[in-house]
Amino acid sequence: MAKVSMSVNGKPAEAEVEGRLLLSHFLRDNLGLTGTHIGCDTSQCGTCVVHVDGKVVKSCTMFAAEAEGKEVTTIEGMANPDGSLSKIQAAFQTHHGLQCGFCTPGMVMSTVALLKQNPDPSETEIRDYLEGNICRCTGYHNIVKAIQSAAAS
Amino acid sequence: MYAFEIERPTTVAQAVEALKNEVAQELGGGQTLIPTLKQRLAAPEVLVSLSGIAEMQGISVSEGTILIGGGVTHDDVAIGAMAYPTLAALAGGIGDPAVRNRGTLGGSLANNDPSACYPAAALASGATITTNAREIQADDYFQGMFETALDDGEIVVAVSFPIPEGASYQKFVQPASRFALVGVFVAKYADGVRVAVTGAAEEGVFRWREAEAALSADFSAAALEGLSHPAEGMIGDMHGSAEYRAHLIKVLASRAVVDMA
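Please read all numbers here as calculations on a predicted model, not as lab measurements.

(A) Main features of the pattern of salt bridges. Applying the stated criterion across every chain yields a total of 19 salt bridges over all chains. Residues joined in a network through salt bridges with shared partners are D139, R194, R207 and E212 of chain B.

Structure representation (structure tokens):
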């Protein structure tokens, strides 16, 4: 077992964890933050994407113990302080950038990171950045539109 | 996943000590190892995480050489290796953004996947791999598919790449995995040209010496025209036959030379 303490969405989180506990399972099972989805568990689909120290990572491909001392942000930390949808979440809603919605948390987390490093991405750059996020409904077209709209607003 | 203990050393010395335990294994960025563990294809009893070791971070440039810590992520190489733009671009083309934020240079070279990009860069650049114990020339380091000169418990602490006059990496992406179906790295130095090929051979990354000789004498795509790489020893699978991969080697080498013109 390993002791781990980190900040999740600005709140301290501490636990004694098994070495093999993945960050995705820690967020969902220990903290009840089930917005981080587990789609493939083979590191392909990106539904588990969260931010660790501001960078996108696949939380199913990182051990919870390795998040020691890190700042983790999940989809639950994305809304505005008053609980309303953030600009990017609202753009996904407006443009229906989802079908079943399973991939949406990962898509939103990746979009936040993309727009932070490239506030005005081309369509090619958007599609390129989302390479690690798979939508099982193939709703990519509206996802790209939502991201373009969020970038423009 | 089988159960294991995780150790989080903060210095190379601590990591080396932890790895003296023969049931222990290094954990770099984990972008290959963690999926492998999930499939129960490996069963270490102790994993020694190298991601918290400050000595293995950082990028510096001096006397025509760029030195990159073994723990530096692909994303940090993509952003930070501007002194060697082809290397930075190669790093920026590995996997996807989330993978690049965890996967490391040292982890990739230690794993030596036959389709990985970094081995081609290291071999074509005549890089020097610095471990906790010694320095290994790239020509001696790569010893076959998933095989390297590293001893058990030996850690890639840093890698130094001599910066070439010009270089190009041409990757033919396997459409499903996004690994290199074949990748060719051409680097031109004052004393000659080096050409390394990844993704193609059953023995992993290798130098195409006939192309090196031709390009060292005459650096032009025309110099490659009379050459062809034999299919013998090339990987043949559902994604491409050995003959197809052999053909791609020449095509990509030519593209690299044209790209550098």
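(B) Spotlight on the packing of helix α3 (residues 104-117) of chain A against helix α5 (residues 140-152) of chain A. Residue and element names in this part refer to chain A. Contact geometry for α3 and α5: axes closest at 11 Å, N-to-C directions at 40 degrees. As the angle between them shows, α3 and α5 are arranged oblique. Crossing of α3 against α5: the hand is right-handed. Taking contact as the criterion, the partners of M107, T111, L114 and L115 in α3 are, on α5, Y140, I143, I147, A150 and A151.

(C) The domain arrangement of chain A, seen in detail. Residues and elements named next belong to chain A. Structurally, chain A comprises domain 1 (2-77) and domain 2 (87-152). Counting each side, the surface lost to burial between domain 1 and domain 2 is near 1200 Å², with a carbon and sulfur contribution of 65%. Looking only at domain 1, the three residues that lose the most surface to domain 2 are H37, H51 and I75, adding up to 38% of its buried area. At the boundary of domain 1 and domain 2, one finds zero salt bridges. Inspection of the region where domain 1 meets domain 2 yields seven residue pairs in polar contact (both at pLDDT 80 or more). Every element with two or more residues in the side of domain 1 that touches domain 2 is listed here: β3 (49-52) and β4 (55-58).

(D) Inspection of the interface of chain B and chain A at higher detail. Facing the 29 residues of chain B at the interface are 25 residues of chain A. Interface of chain B and chain A: buried area, both sides summed, is about 2200 Å²; carbon and sulfur atoms make up 54% of it. The three residues of chain B that bury the most area against chain A are R8, K38 and R102 of chain B, which together make up 26% of that side's buried surface. The tally of links from chain B across to chain A stands at seven salt bridges. Its salt-bridge partner being E66 of chain A, residue R102 of chain B comes within 3.3 Å of it at the nearest N-O pair. Counting every contact that joins chain B to chain A gives 15 residue pairs in polar contact (both at pLDDT 80 or more).

(E) Fine view of the domain arrangement of chain B. All names here are of chain B. Domain annotation of chain B identifies domain 1 (5-49), domain 2 (56-162) and domain 3 (166-260). Of note, the centres of domain 1 and domain 2, computed from C-alpha atoms alone, are 19 Å apart. Taken together, the nine residues of domain 1 in the interface contact 12 residues of domain 2. Of the roughly 770 Å² buried at the junction of domain 1 and domain 2 (both faces included), carbon and sulfur atoms supply 66%. The three residues of domain 1 that bury the most area against domain 2 are V12, G29 and Q31, which together make up 53% of that side's buried surface. Taken together, the links from domain 1 to domain 2 amount to zero salt bridges. Taken together, domain 1 and domain 2 are joined by zero residue pairs in polar contact (both at pLDDT 80 or more). Here the residues of the side of domain 1 that touches domain 2 are counted per class, giving four nonpolar, four polar and one charged.

(F) Expanded view of the packing of aromatic side chains. For the structure shown, the criterion picks out six aromatic pairs over all chains. Look at F63 of chain A and F4 of chain B: their rings are 5.3 Å apart centre to centre, the planes differ by 75 degrees, and that puts the pair in the edge-to-face class. Of the two residues, F63 of chain A sits in the loop between β4 and β5 (71-73) while F4 of chain B sits in the segment before β1 (5-7), which places them in two different chains. On the basis of relative accessibility, which here comes to 4%, the residue F4 of chain B falls in the buried class. For the pair Y84 of chain B and F161 of chain B, a centre-to-centre distance of 6.4 Å together with 80 degrees between the ring planes defines the contact as edge-to-face. Pair noted here: Y84 of chain B is in the loop between α3 (74-80) and α4 (85-92) and F161 of chain B is in strand β10 (residues 156-162), with a separation of 77 residues, a long-range link. Of the residues examined, Y84 of chain B reaches a relative accessible area of 1% and is grouped as buried. Owing to a relative accessible area of 0%, F161 of chain B belongs among the buried residues under this scheme. Linked through ring pairs, Y84, F161, Y169 and F185 of chain B together constitute an aromatic cluster. The residue whose ring lies beneath R40 of chain B is Y2 of chain B, and the NZ or CZ to ring-centre distance is 4.3 Å.

(G) Here's a closer look at the confidence of the model for chain B. The predicted model of chain B has a mean per-residue pLDDT of 97, with 100% of residues at 70 or higher. The ipTM assigned to the predicted complex is 0.96, against a pTM of 0.96.

(H) Quick look at the side chain of S168 of chain B. Residue and element names in this part refer to chain B. Take S168: it is sitting in strand β11 (residues 166-173). Only 2.7 Å separates the side chain of S168 from the side chain of D259, close enough to count as a polar contact. Excluding residues that lie within four positions of it along the chain, S168 makes contacts with T86, V184, F185, V186, A256, D259 and M260.

(I) Structural view of the sheet that holds β5 of chain A. All names here are of chain A. An order of β2-β1-β5-β3-β4 is seen for the five strands of this open sheet, with the pairing classed as mixed. In this open sheet, the two strands that pair with only one neighbour each are β2 (11-17) and β4. The mean inter-strand angle of the sheet, taken between neighbouring strand axes irrespective of direction, is 40 degrees. Of the pairings in the sheet, the one linking β3 to β4 comprises four bridges and is antiparallel in character. Across the sheet, the residue bridging to H51 is V56, located in β4. Most of the contacts of helix α1 (residues 23-30) go to β2, to which it runs at about 110 degrees, and overall it touches β1 (2-8), β2, β3 and β5. Across the sheet, α3 lies against β3, β4 and β5, angled at about 40 degrees from β3, the strand it touches most.

Definitions and cut-offs
- Residues numbered from 1 in each chain as written.
- Chains lettered and ligands numbered in written order.
- Predicted model: local features only at pLDDT ≥ 70, side-chain atom pairs only at ≥ 80, totals over all residues.
- Heavy atoms only, no water.
- Salt bridge = Lys/Arg side-chain N within 4 Å of Asp/Glu carboxyl O.
- Axes fitted to C-alpha atoms, helices over the stretch in contact; angles between N-to-C directions.
- Helix = DSSP H or I, 4+ residues; strand = E, 2+ residues; numbered from the N terminus.
- Parallel < 35°, antiparallel > 145°, perpendicular 65-115°, else oblique.
- Left-handed = near helix turned anticlockwise from the far one by under 90°.
- Contact = heavy atoms within 4.5 Å.
- Domains from an automatic or database assignment.
- Buried area = accessible area lost by both parts, 1.4 Å probe.
- Polar contact = N/O pair within 3.5 Å; in protein donor to acceptor, adjacent residues only side chain to side chain.
- Nonpolar A, V, L, I, M, F, W, Y, C, P; charged D, E, K, R; others polar.
- Phe/Tyr/Trp six-rings, centres within 6.5 Å; stacked < 30°, edge-to-face > 60°.
- Buried < 20%, exposed > 50% of the residue type's maximum accessible area, 1.4 Å probe, protein only.
- Lys NZ or Arg CZ within 6 Å of the ring centre and 35° of its normal.
- pLDDT = per-residue confidence, 0-100.
- Pairing = 2+ DSSP bridges.

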